[in-house]
Structures are given as C-alpha cells and as structure tokens.
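Working through the structure, step by step
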There are 4 protein chains.
Amino acid sequence: MAEIHDHQRAAEWFKHVCRDVHGRLDGLDEGALASYIPELARVDPDHFAIAAMTVAGRSANEGDCDQTFTIQSISKLLMYGLALETHGRDEVLKRAGVAPTGDPFNSIKLDEAHRRAPNPMVNSGAIAIASMVEGDDLAARREVVLALFERYLGRRPEVDEAVLASETVAGNRNRAIGYLLLNEGIITDRVEETLDLYFMQCSILVTAVDLAVIGAAIANHGVHPMTGQQVVAPQVSRDMLTVALTCGMYDYAGEWAYTVGIPAKSGVGGGIVGMIPDVGGIAVYSPRLDAHGNSVRGIRVFEELSEEFDLHVFDADRPWRRNT
Amino acid sequence: MAEIHDHQRAAEWFKHVCRDVHGRLDGLDEGALASYIPELARVDPDHFAIAAMTVAGRSANEGDCDQTFTIQSISKLLMYGLALETHGRDEVLKRAGVAPTGDPFNSIKLDEAHRRAPNPMVNSGAIAIASMVEGDDLAARREVVLALFERYLGRRPEVDEAVLASETVAGNRNRAIGYLLLNEGIITDRVEETLDLYFMQCSILVTAVDLAVIGAAIANHGVHPMTGQQVVAPQVSRDMLTVALTCGMYDYAGEWAYTVGIPAKSGVGGGIVGMIPDVGGIAVYSPRLDAHGNSVRGIRVFEELSEEFDLHVFDADRPWRRNT
Amino acid sequence: MAEIHDHQRAAEWFKHVCRDVHGRLDGLDEGALASYIPELARVDPDHFAIAAMTVAGRSANEGDCDQTFTIQSISKLLMYGLALETHGRDEVLKRAGVAPTGDPFNSIKLDEAHRRAPNPMVNSGAIAIASMVEGDDLAARREVVLALFERYLGRRPEVDEAVLASETVAGNRNRAIGYLLLNEGIITDRVEETLDLYFMQCSILVTAVDLAVIGAAIANHGVHPMTGQQVVAPQVSRDMLTVALTCGMYDYAGEWAYTVGIPAKSGVGGGIVGMIPDVGGIAVYSPRLDAHGNSVRGIRVFEELSEEFDLHVFDADRPWRRNT
Amino acid sequence: MAEIHDHQRAAEWFKHVCRDVHGRLDGLDEGALASYIPELARVDPDHFAIAAMTVAGRSANEGDCDQTFTIQSISKLLMYGLALETHGRDEVLKRAGVAPTGDPFNSIKLDEAHRRAPNPMVNSGAIAIASMVEGDDLAARREVVLALFERYLGRRPEVDEAVLASETVAGNRNRAIGYLLLNEGIITDRVEETLDLYFMQCSILVTAVDLAVIGAAIANHGVHPMTGQQVVAPQVSRDMLTVALTCGMYDYAGEWAYTVGIPAKSGVGGGIVGMIPDVGGIAVYSPRLDAHGNSVRGIRVFEELSEEFDLHVFDADRPWRRNT
C-alpha cells in the first residue's frame, strides 16, 4: 500500500519535472534541421515532445507527443536486435564489431583488421545488419522488418513514402558503403535490395510515445511494457543496451556516457530514445540537430532528467529505480 | 539469518568458481611479456592470481596473490579521481576528454577539435592528469601521489626503483607526448617533473589483493571496504566507473564492454582490476599480454566470471548482487 | 654525318645495355601476379619485355615484345590527357587534383577540402576522369575512348573481353568509389555507365612496344613518333608528364622520382611506361608485382637504365639526350 | 657575338618582366605573417623582393633585395645536401624517406613502415637530418652548419639571435618530434643539442639575393655561380632538386609541380627559392603566408615567371634556357 503510494508520488514528481524541463527548454532554438534530403528540412523545427514509459506501463507525456516523424537511425538498434536473435552473436560480429569510433555516422571507414563494419550504429554497420534480413525478395524482407517494428509499436508501422523516395535518390553515400561492404565480402550481392530495406527502416514513422515504449521494452529485458510480449530475448536486449551506451550517440557517445550515462540512440529525424534498465524508456522529439547529428534539446532534456533522477548507470543512488 | 547463510553460500560458490577458473586457465601461456623496458620482460610469466573483495570487505584469493608487480596504467584511474576531486570536472575536461579512441594507449594523437587529450586512460591524457598534481617541487608532488595511493592501499606504497629508472630512460615517447601537450598549452612547462611523477605512479608496486581492494573502494562509491574511509567522493567514483567502462581496456574497450560489461582498467604490468558497482572489486594478475596490451588470462578470467555470476552492467539477473 | 654516326653508336649501345639488363634480370622471380580477378592471375609470370622508342621513331626491343597484356592503370594517363584536351584544366581540376597521396591506388579517400579526387592516377580520380567522356550513351562514349587509344596505338585497340567481364563483376570497390563521387557531386549520375567505360579502358590489350610508342608520343610533346600526328596538345602532354612524375607509380612515386626520375605510369597488368622528355619512351612488361602494385622487374630495369644513361630529369649530364 | 647579344636581350627581357610582375603584385596583401613566435609577426609585411641569378653569375634584382629575413625551412634543403655528402644516401634514407605527404610541415606523423621521417622537408625529417651533423659538442656542430652556409653565401652567416631565442622557447612541437625520433631510434640521444642546431639553422639571416645565389648553385649541379667552387657534389644536387620538386612546398607541392614545375623550397620567414637546372636560381621574399605556410606573393611571382619563360621542367620550349 505504502509502495503504491510511493509509486504515485514518484510518477507525479517525474511528470512535474518533465513539464518543467519542457517549459524551460521550449524556447531553445539552437541547431539546424537535417538537410541532406528536402523532406527532413521541411518539418516544423519547433516541435518538442518528451515521453516516458515505465517497464510497468505507466506513462508521462509532455508536448507534441502525437507528432509523427521518421525514426531514422534509431531503427538501427531494433534491427541489431533482430539480427542477433535471428543469426546469433557470432554471425553478427563477423559483419559489425562493437567498437565506438571517433568518426561520423556516415563514415565509409571499415574495421579493416577484422574486415567488418566498426559497429552496428554507424551506417556501414547498419547496412551490414540490414543485409542479414532473410527473405526471397524485397517484399518478403520488408515484411520481416515491418513485423519487427509491429511487435514494438503494437500496430502496423507506416512508412513516410516521400522520405523513403528521397532517401533512395539521395542515398549515394550509403550506396557507396553498400558496394564497399560487398567488395569486402561482408554483405551478399543484393546490395540495392538491402539499401531499399535500409532506407525503408529509416523512413518508418513514430511518435515520441512510440519511442518511449520501444525504450521501455528494451529496458525491460525485452518484455513489452504494454503487451507483456517478449519482443526480443533478454540476452539480446543486454547487447542492445551495451551498444547503445558505447555507440548510440554517434561520435558524442563517450561524452554522453559520461554526463548522461543512459544507453540511448538518436536519429537525424530528431528523436532520441533512452533506456534505463529495469525502469523504463524516455524519448524526446525535437528536430534541430547539433554538429554530431543529435537533437539539441534532446540532449539537454536527458542531461537534466539524468541529474534530477540519478539515472546514470553508475549513480550511487537511484530512488526512482527502487520505487519502480 | 537466512540472509547471512545466503552470503556464505554465495561466497563459497564464488571461491569455488575462482579456484576452478584458475585451475583451468593455469596452463594458458598465450601472449607475451611487455618488453619496452628490460625490467618488465624479466618477471615470471607464469604468475597468476585472482583476487576479489566485496564492498563489505569479504575476500576471495586464488593463486599468487602476494606477488607484487608494477601497477602501470591502472594508476591512471586513481590519478583521474584525484584530479577530479582536486580541480573539478570542468578543469579536468579542459585537459582530457572522455572519448574512447581506436588508437593504441601510447598514441600521440590529441583531440585537436577540443585541444585536449582524448581521454585520461591513454598516455597523453594520463600525463595531462599527472600535470595537475599540485606542489612546489617534485618532492611535494610525489608526496601528493603517494598519499593518494596510501589511502587506497592502506599502507605507504612502495615504488619499484629499477622499473622507475628504466621507464625514465626509455620514456621518450611519453616525453614526446609531454612536449606536444606543452606545445598545445594543455600542460604547464614543468614537463620533465610531470613525467617523473607519471613514471613514478606507474612504478608503484601492488598485489592482486591490493587491486581488488582498490576496485571495491571505487565500486563502493568511494568508501574503502576495510577502513570505511571515503577515499574518493561518490560523484567522482561515478566518473571513474564510466571512463573505466568506455576507455579502460585500451582499444579493446568496446569489445570488453560488450562481452564482459564490467568497468575495468588494465596495465602492462599484467594486472586488471574490475569494479562491479555496489558489489565489489575483482583483480587478476597474469603478465602475458595480448596485442592490445591487456593480460591474456586476465581477460579470460573476467569473461568467465562475468558470465557465471551475471556481472555485466546490463545483465537482467544478478543473483550475487542481490545477495551482497 | 658525325652526328648520324653518333646516333647509331648511341642506339647500338642502348640496345646492348637493354639486352644485358634483360639477361641479368631474367631469372628474377620476386613479386606476385595481380590476383583480384582470376584472369590476371592466369598470365605467364615469366613474360619479360623491354621496349624503347625514340621521339624520332627509332626502336629497341628485347624479350617478349609481341606479348599482349591489359593496359590497366596506364590507361589513366591517356584518359587524363583526353579530359584536359576536351574540357580544359579548370574543369578537370574540379574533379581531380594533382596531389600525390600516401594511400594505395584503390583508396576510397577523397580530397575533402576541395571536394574532388586527390589525383587522376588513383582509382577515384581515374573514375572521375572517365566520367568526363562525352557521349549520349555507352556506345558513343566507348567510341570516344577507343578512338583515343587508336590515335596512340596506330590501330583499332582490342579489348580483353574476359578481363573486362571479370573487372565488371569484381569491381565493387570501384563501384563504391563511383557512388561516393556521385554523392559528392563530382561525377554525374551515369555511374554504372562510367564504370563500364573505366573497366573497358583498363582491359585494352597492348604490347611493350605499344607502350614505348605511347611513351615516345608523350615525351615528344604529343607528336606521335611514327605518324607525326599531334595525338595530344603540347601543353596537355606537359601536365601528363608532371602527374606521371608525382603520382604515376602509386604510393612509390616519391621514391621513384628520387631514384629513377623518369615520369612514368604502371599498371597491375605488369606494364610500366616511362617518358624521357625530348628523348623517347621506354616500356617494360613483367607481370610479377610488388606490394605497391608495380612490376618488380620493371622497376629494376628502369633503375638500371636511368643510371646507365643519366635519364633522371635532374641529371647533370645526359649524353644520349644530346645525341638525339 | 650573336649569342652574347641574345644573352643581353634575354637578360633585359627577364629584368623587364620581373619589374612588371613586382609592380603588378606590389599591392597584393593577402595572407598573414607567421605568428607562432612574436619575432616573425613583427616584420614589415609589405617587404617584397624578387632576385634572380643565372648559373653564369648574371643577376636581376627588384624591390627590397637587401632586406634580411630568417631562412627558416629553406635551410632544410642545404642541410639535406650536407647529410647526403657526409653520410651517403643509404644512411640518410634510413632517417628520412623521400615520400611527399599530405600532412602539414610540422606534422608529428612518421613513416612507421620504414621507421623514419617521411621526407627531409617536413620538420621531423629536418630534425633527423640535423641530428646527422657531426661534432663533439654543440659548438663544433654549429661550426659545421655555419661553414656549410658560408660556402653558399660567400660570407660568414649571421644568426638572428632574437628569433633563435624565441624558436628555442616556443619549439615544443619540434621538441616533441625530437623525442619521438629518439624513441624510434631514428636519432641519437643528443636531442636538445640537435634541436639547438635546428633552431639555429632556421634563424640564419639571408636576403633574396642570397637565396638566388643558393638556387643558382644547386641549379648549376653544385657549382657556385660566383666563386666557381663546388659547394655540393653534382649527384647530391640532383637529389636536392628532386626532393625540392616533390616535397619542397609543404602540402602544396603537388600543385606547385603541376603549375610552376620548378624545384623550390619555401620558408615561413617569407622566402621561396626556385632552381631551374642549368639556368639559375630565382628567389622571392614577401612575408605574408597562405594556409600552407608559403609566401602568397612568392607563389604568384613564380607562377607568372614560369609561364612567361617556359620554366616548367616539362615545358616543350625553353628559349631562355637555350640562350643561357
């Protein structure tokens, strides 16, 4: 009884802080929209949402939480889980390592010593991971990916066809990466098909609430906070968390681990999802990006919440955690 | 009562596994002694110790636990804590960032964008950190360092004078790094004195048991497991843990975080210390190194213990932890 | 009269030395055949030809001078001349610079500061140059290339269709480079067509005698030594010579300029052509390559001939030259 | 008689063009003074001199030809000649290669494959070369260097003591390079002494006329144009010319070889000396530098003179040369 009371108090406090942080950062307009395709430069830069969901399914939402946006690189984390589950660690590690790099997310540099992509969170690794999706043709492989996202989202995912078309046309750097991976024998020869798949996974539409649910599932060792379904195996969710912590925020990952200390993944669509193991997921949507490609307000929100609620993985004291 | 019983059973089980792992790996003679100075190439390559200490002061030792060896790079972690405590994060971050690098520990490459060393666990960062030790002259600054180690070790530390003399003579790469740091304005002009200090910190003699104690103190948010003394502030110990996880194992750090998932630091003397937050410290001494400069058997021991006892920071289930 | 006599004596002496060098190096079997496509690994590794032609059309041939082989990267030099002549220096320099690189010929690294390929002798630059061949479709553009080679060879060039097919299948690294160039806006969107063209230019069959003729034409400021035709403008031939001297021998170019000092271009088919301005062309065919991708015996022959006849561009004394 | 007349006409024409170029470029104030030491930032940025000397000792001077300035990196070329003459090519090549690099002149990156400096024109190579000056102590080694410069200048060289003092204090990047070279076993342990020597060679005072004389001597296969003394062996002068062409203009060398095509060396003091083999030396002094560290007006002057007089090493037609 006392415990339930505590839960309510903690939840209230969390909501209060979210509202406060949202209000304080609402006017922050630093950063710039992603511009490599026109579609991303066309979104409303002022959109700002903070969403959270506990592993028990309790939620807190603030701001434009119904606003959809493309998931972009955050999809890499889910696809990585799929590859691990389908093929096992050994096969996956042959194609993408787990070493953080100081290079930008779209770097073409491979891990030459091991003849693989450096990690699954940079584009080269994500394309290598996408190549592992099985199926006789593009339609079949798309279905595998859509089914994966459906398990997390609880609904059939929608794809932003304009973004997808644009990514496909503009994706020559990724195409270059694809052929380099093929040349190194890291991926099979269905390069264009795999790129189609990769562009599609990036163009899936989500809301901040969706991301919070995704984060809660991973934080909950793969158990979906609302359906109770095991969307990914516990052992796999552990690997997803590690890679999110060490490589999830592009070349800002080291600094993020230090100051925020929450396994997280960001996308150039403006989303960031963070996972607090055994506690829940937090997501921010705010499309103005910094030089690393991370949401400016997103980073600020996580810094403030991590400090306020002792969410850093190595914090001595995590009261919210104990109350969950 | 039942809990104490559980503690005893857990401790017995842990000791049993340590003995088993030690026995199985005893014959493993892969790797090579560090050879950049003759003194390190002269140690007995077969020495092999596993030591552990819980935050409550319970210990488990197996093998050559009384054997002393030079602490080498593990000293970087303690010195980093000292710098944070003395000067605060902002000043420290001006001199050394927190970004993992794919470069070897003795790389001369700085973080040019921020005009600082990439992180405090590579030599450039460690020398930058050593430069922050205050004092009017070398003797005074040495005393500060020795006092730091004394707090952790519970005794006045001994320095291996032969190794120190050798490091000083052979340390021209570090001397080059020192002058580069000076050139960039990262350190002050007492380069030779700071190098003396750095070579001394590397030449301090420890046993595997000492390292386990050090690890337990850091894992215990800075509270020494035997003296109860706060040897380093809790907030600082958090930063030490983060940097240990992301940068502690040289360019193997990403893989270590993935497979072992324990914040750790290794030294070319053959030691590795791991810190399991709220649980304790584990140390291995075995001087044959792999190409990254990490103890070969040390890595194997940590892999096995992490798996057996679910010690990975993101493991779903940590029974040992709950029993502590 | 005396001059003619001198010419004859010089010619005799040159032939004598070629025979001698050929004889002495005939047994040298260091190096290995190019193996990235099976066709190149199938040639007879012992083939060995030395051919020379003066700007006046006098020739000296030793060994397997009728043996055809694929021209490979040597084609880059002729294509560079074509691009300069067709589009002018300014347009060409927008796509490929003239900076030697320490990187291998197939490096994917571009000159990011100038958003262009580093130079026209590495693959990225050569593909950028091939993209400048005009024509409505592949057939028309192929015709432009074949006509270019016809001017140099004095006959319709033959293409090794097996090598071409193999290059096309195996050319995924070049495909990656192509899409990267497209992504940077360096080339137009006819990537596959341009690659087809590039693979074709590399698959053209030549003999050592052909290469000597090509070399003589370039050394003769573009005037063909046999037909008297201006196959390339004098100003363009100067640029070809410079780039051959600074970038022609892959990452061995600096050492080559130092010890041999003859503008030259090599190909992984085993050919090397050298150009002594105002004197003539020298070619070697010997398919065993060193780690840089240069013919092992080819380099040795040039070293010996350069020394014997003072052919280095900065030699104080060039008797052969004065007698030409 | 006709020939002498031609010589006079050619000389008049050359002087006329120099005057014209000097006049046209006099107002060009792009670029910035070197600022790494205060002394270099204090010179008059408007100084502008063009000087030339033929191998036969005829001269043409325009502008501030009596103005002294520190020779800086141009000294590297003379020191390279000294090392070659004293120790022979093999010993020199063990310490510094001949590969152009895309890195800045003060790069600390060595040629790790060969365990040597990449070339003698970057600082690491120049320090390696300075280390080869023999002598029991600094005074003796200084004397060797001063005697070398005396042979070229025809007078005892003066050292700018203020610049020397400043270089010594500010030279921590070079000190870092020195210790790195020592660490790699490329130089001996007299690091500070060798740096003293290196700083001294850079601080020698010259005029544009001096540089033209130096250039003429090297262009004349080592024979001094005024004293007739063999200041350096012909074979050595060839190696100096090659390295000047491929590495003399820092990371601008490739572009310089392409557009100017004259072996040359520049210094951050604002001087550039060019050597036209068998013809003479040309020097410019103008202290405003571009981003590569080369004199802005210096480059422009050489571009114009090279074009006007066909001085490019691969120019088809060099009338001035034939008239010399």
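Per chain, residue numbering runs from 1 following the sequence as it is written. All chains are assigned letters beginning with A, and all ligands numbers beginning with 1, in the order in which they are written. Predicted model: local features are reported for residues with pLDDT of at least 70 only, side-chain atom pairs are reported and counted for 80 or more only, and whole-chain, interface and lining totals are derived from all residues.

**Notes on the overall build of chain A**
Along its length, chain A carries 13 helices and 7 strands. Against the compact-globule benchmark of 20 Å for 324 residues, chain A has a radius of gyration of 19 Å, which places it among compact chains. Across its three principal axes, chain A shows a C-alpha extent of roughly 60 × 40 × 35 Å. Put simply, chain A has 324 residues, and 57% of those count as buried. Here contacts are defined at the residue level, using C-beta atoms placed from the backbone and a cut-off of 7 Å between them. A fraction of 67% describes how many contacts in chain A between residues 6 or more apart in sequence connect residues 24 or more apart. Each helix corresponds to a stretch of at least 4 residues labelled H or I by DSSP, and each strand to a stretch of at least 2 residues labelled E; elements are numbered beginning at the N terminus. Atoms counted for the radius of gyration: C-alpha only. Globule rule: 2.2 Å times residue count to the power 0.38. With C-beta atoms placed from the backbone, the exposure class of a residue follows from how many other C-beta atoms lie within 10 Å of its own: 20 or more, buried; 12 or fewer, exposed; in between, partly exposed.

**Re the environment of Glu91 of chain C**
Among the structural elements, Glu91 of chain C can be located in helix 3 (residues 74-95). In this structure, the C-alpha to C-alpha distance between Glu91 of chain C and Met132 of chain C, residues 41 residues apart in sequence, is 9.4 Å.

**Some points on the interface of chain D and chain C**
Taken together, the contacts link 23 residues of chain D with 24 residues of chain C. Put simply, the parts of the chain that give the side of chain D that touches chain C at least two residues each are helix 10 (234-247) and helix 11 (253-259) of chain D. Looking at the side of chain D that touches chain C element by element, the count peaks at 6 residues for helix 10 of chain D. Note on residue classes: Ala, Val, Leu, Ile, Met, Phe, Trp, Tyr, Cys and Pro are nonpolar, Asp, Glu, Lys and Arg are charged, and everything else, Gly too, is polar. Here the residues of the side of chain D that touches chain C are counted per class, giving 11 nonpolar, 8 polar and 4 charged.

**Points about the pairing of strand 7 (residues 280-285) of chain B**
All names here are of chain B. Most of strand 7 sits out of view: 6 of its 6 residues are buried. The alternating pattern of strand 7 places Gly280, Ile282 and Val284 on one face and Gly281, Ala283 and Tyr285 on the opposite face, and all of these are buried. Pairing between strands is defined by DSSP: at least two bridges between the two strands are required. Bridging between strand 1 (residues 49-54) and strand 7 involves 6 bridges; their strand directions are antiparallel. Bridge assignment links Ala49 to a residue of strand 7, and that residue is Tyr285.

**Observations regarding the relation of the copies chain B and chain D**
Only residues with pLDDT of at least 70 in both copies count here: their C-alpha atoms drive the least-squares fit that superposes the copies. Note on the copies: chain B fits chain D at an RMSD of 0.0 Å, the axial shift is 0.0 Å, and the rotation between them is 180°. Such values leave the two copies arranged in the relation of a two-fold axis. For chain B, the smallest separation between a C-alpha atom and the rotation axis is recorded for Ala176 of chain B, amounting to 1.9 Å. Residue by residue, 100% of the interface of chain B is reproduced at the interface of chain D, so both copies engage with the same surface.

**What about the interface of chain B and chain D?**
At the interface, 9 residues of chain B touch 9 residues of chain D. Its residues assigned to classes, the side of chain B that touches chain D shows 5 nonpolar, 2 polar and 2 charged.

**Digging into helix 5 (residues 138-153) of chain A**
Residue and element names in this part refer to chain A. With 16 residues, helix 5 extends 22 Å between its outermost C-alpha atoms, agreeing within 8% with the 22 Å of an ideal straight helix rising 1.5 Å per residue. Of all the residues in helix 5, the buried ones are Arg141, Val145, Leu148, Phe149, Tyr152 and Leu153. Seen end-on, helix 5 carries its buried residues on one side only, within an arc spanning 130°. Across helix 5 from its buried face, at more than 90 degrees, point the exposed residues Ala139, Ala140 and Ala147. Buried residues along helix 5 sit in contact with helix 3 (74-95), helix 8 (191-202) and helix 9 (208-219). Backbone geometry just after helix 5 places Gly154 at a positive phi near 75°. Helix span is expected to be 1.5 Å times the residue number reduced by one. Throughout, the arc means the angular range of directions from the helix axis out to the C-beta atoms.

**Here's the deal with helix 9 (residues 208-219) of chain C**
Residues and elements named next belong to chain C. With 12 residues, helix 9 ought to run about 16 Å at 1.5 Å a step, and its terminal C-alpha atoms sit 16 Å apart, in line with that. For helix 9, every residue scored as buried is listed here: Ala208, Val209, Asp210, Leu211, Ala212, Val213, Ile214, Gly215, Ala216, Ala217, Ile218 and Ala219. Positive phi shows up at His221, right after helix 9, with a value of about 55°.

**Quick look at the confidence of the model for chain A**
Residue and element names in this part refer to chain A. Here chain A averages 94 in pLDDT, and 96% of its residues register 70 or above. Scored below 50 in pLDDT, residues 319-324 makes 14 contacts in the model with residues more than four places away or belonging to other chains. On the interface metric, ipTM, the complex scores 0.94, and its pTM is 0.93. Confidence of the predictor at the level of single residues is captured by pLDDT, which takes values from 0 to 100.

**Remarks on the domain arrangement of chain A**
Residues and elements named next belong to chain A. We note that the domain assignment places domain 1 (2-71 + 205-323) and domain 2 (74-202) within chain A. Contacts between the two partners involve 36 residues from domain 1 and, on the opposite side, 31 residues from domain 2. For the side of domain 1 that touches domain 2, the elements supplying multiple residues, two or more each, are helix 2 (38-41), helix 9, helix 10 (234-247), helix 11 (253-259), strand 5 (264-266) and strand 6 (271-276). Looking at the side of domain 1 that touches domain 2 element by element, the count peaks at 7 residues for helix 10. Among the residues forming the side of domain 1 that touches domain 2, the class breakdown is 21 nonpolar, 10 polar and 5 charged. An automatic or database domain assignment supplies the start and end points of every domain.

**What about the relation of the copies chain D and chain C?**
Once chain D is rotated about the relating axis by 180° and shifted along it by 0.0 Å, it coincides with chain C to within an RMSD of 0.0 Å. The residues that chain D uses at the interface reappear at the interface of chain C in 100% of cases, marking a shared surface.

**A look at unusual backbone geometry**
Of note, Arg115 of chain A is a non-glycine position whose phi angle comes to about 50°, a positive value. Locating Arg115 of chain A in the fold gives a position in the loop between helix 3 and helix 4 (123-130). Judged by local crowding, Arg115 of chain A falls into the exposed class, with 12 C-beta atoms found within 10 Å. If you check the backbone angles, Gln72 of chain D has positive phi at about 50° while not being a glycine. Note that Gln72 of chain D resides in the loop between strand 3 (69-70) and helix 3 (74-95). Using a count of 24 C-beta atoms within 10 Å as the deciding quantity, one classes Gln72 of chain D as buried.

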